[in-house]
Amino acid sequence: WWKQDNFDKRYKKAISKILFATGSLVLIAGAGTYFYQQYLLTDYLCYGIKGFRIKKAGLDSTTVELMLSIENKADLDIELKKMTMDVYANDVYVAKINQEVSRSIKPLSTTELPVTISFNPKKVLGSVLNIVTATSLKDIKFRFDGKVVVKKFGIPIPIPFDFGYTISQMMAPSGAS
């Protein structure tokens, strides 16, 4: 009843089941760690606007430059790799920003990224009368909806964000927070 071939087949089958089970556990643990890091970093990264200026103002084309502030509230280094965002003004789509970034944010510190946005004020405000009134310009609300890709433990992790400010908030001396 004892044959070497039978033993080898059973041994190989048992080893392959053990390897499959171990690989599955490693994969599940790795995926769980990835999503846990994404969840943590979503809470640890805070966004704001620290500076704002109008580079070019016109009825058909306006260009604004702002400083996007990213605060790292985590107790670990975070390496920014990429930023993508859709920009809306008064809930009207204005622009898509795709920016490759190579910046490290130290624990409990803030970094600033320059962002330039060009848009058509007529599309945002609707009429020339609304454009020329100063209060309307200051009341334009910009909303930024996107994600930054950070690298942690050598793995790229996308972190979503969504925030907004009016122009008057962005022009405040202390910056928006």
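Below you will find a few notes about this structure.

Thresholds, definitions, all that
Residues numbered from 1 in each chain as written. Predicted model: local features only at pLDDT ≥ 70, side-chain atom pairs only at ≥ 80, totals over all residues. Heavy atoms only, no water. Pairing = 2+ DSSP bridges. Helix = DSSP H or I, 4+ residues; strand = E, 2+ residues; numbered from the N terminus. Axes fitted to C-alpha atoms, helices over the stretch in contact; angles between N-to-C directions. Phe/Tyr/Trp six-rings, centres within 6.5 Å; stacked < 30°, edge-to-face > 60°. Buried < 20%, exposed > 50% of the residue type's maximum accessible area, 1.4 Å probe, protein only. Lys NZ or Arg CZ within 6 Å of the ring centre and 35° of its normal.

1. Some thoughts on the sheet that holds strand E5 (residues 109–119)
Right, on to step 1. Within the open sheet, the three strands sit side by side as E1-E2-E5. Their pairing is antiparallel. Among the strands making up the open sheet, the edge pair consists of strand E1 (45–56) and E5. Within the sheet, the average angular offset between the axes of one strand and its neighbour, ignoring direction, is 20°.
Right, on to step 2. Relative to strand E2 (residues 62–72), E1 runs antiparallel, the two being bridged by 10 bridges. From the neighbouring strand, Gly51 faces E2, where its bridge partner is Met67.

2. Re the packing of aromatic side chains
Right, on to step 1. Scanning the entire structure with this criterion turns up eight aromatic pairs.
Right, on to step 2. When the centroid spacing of 6.1 Å and the interplanar angle of 5° are considered together, the rings of Tyr47 and Phe163 count as stacked. Here Tyr47 is found in strand E1, whereas its partner Phe163 is found in strand E7 (residues 155–166), with 116 residues between them in sequence.
Right, on to step 3. Among the residues examined, Phe163 registers a relative accessible area of 12% and is labelled buried.
Right, on to step 4. Geometrically, the ring pair formed by Phe144 and Phe163 is tilted, given 5.1 Å between the ring centres and 35° between the ring planes. Linking Phe144 in strand E6 (residues 141–152) with Phe163 in strand E7, this pair joins segments that are 19 residues apart in sequence.
Right, on to step 5. For Phe144, a relative accessible area of 1% gives the class buried.
Right, on to step 6. One aromatic cluster is present, built from ring pairs that chain together Tyr47, Phe119, Phe142, Phe144, Phe161, Phe163 and Tyr165.
Right, on to step 7. The cationic tip of Arg143 hangs over the ring face of Tyr88; the distance from NZ or CZ to the ring centre is 4.4 Å.

3. Quick notes on unusual backbone geometry
Right, on to step 1. Even without being glycine, Leu108 reaches a positive phi, approximately 55°.
Right, on to step 2. Relative to the assigned elements, Leu108 resides in the loop between strand E4 (92–105) and E5.

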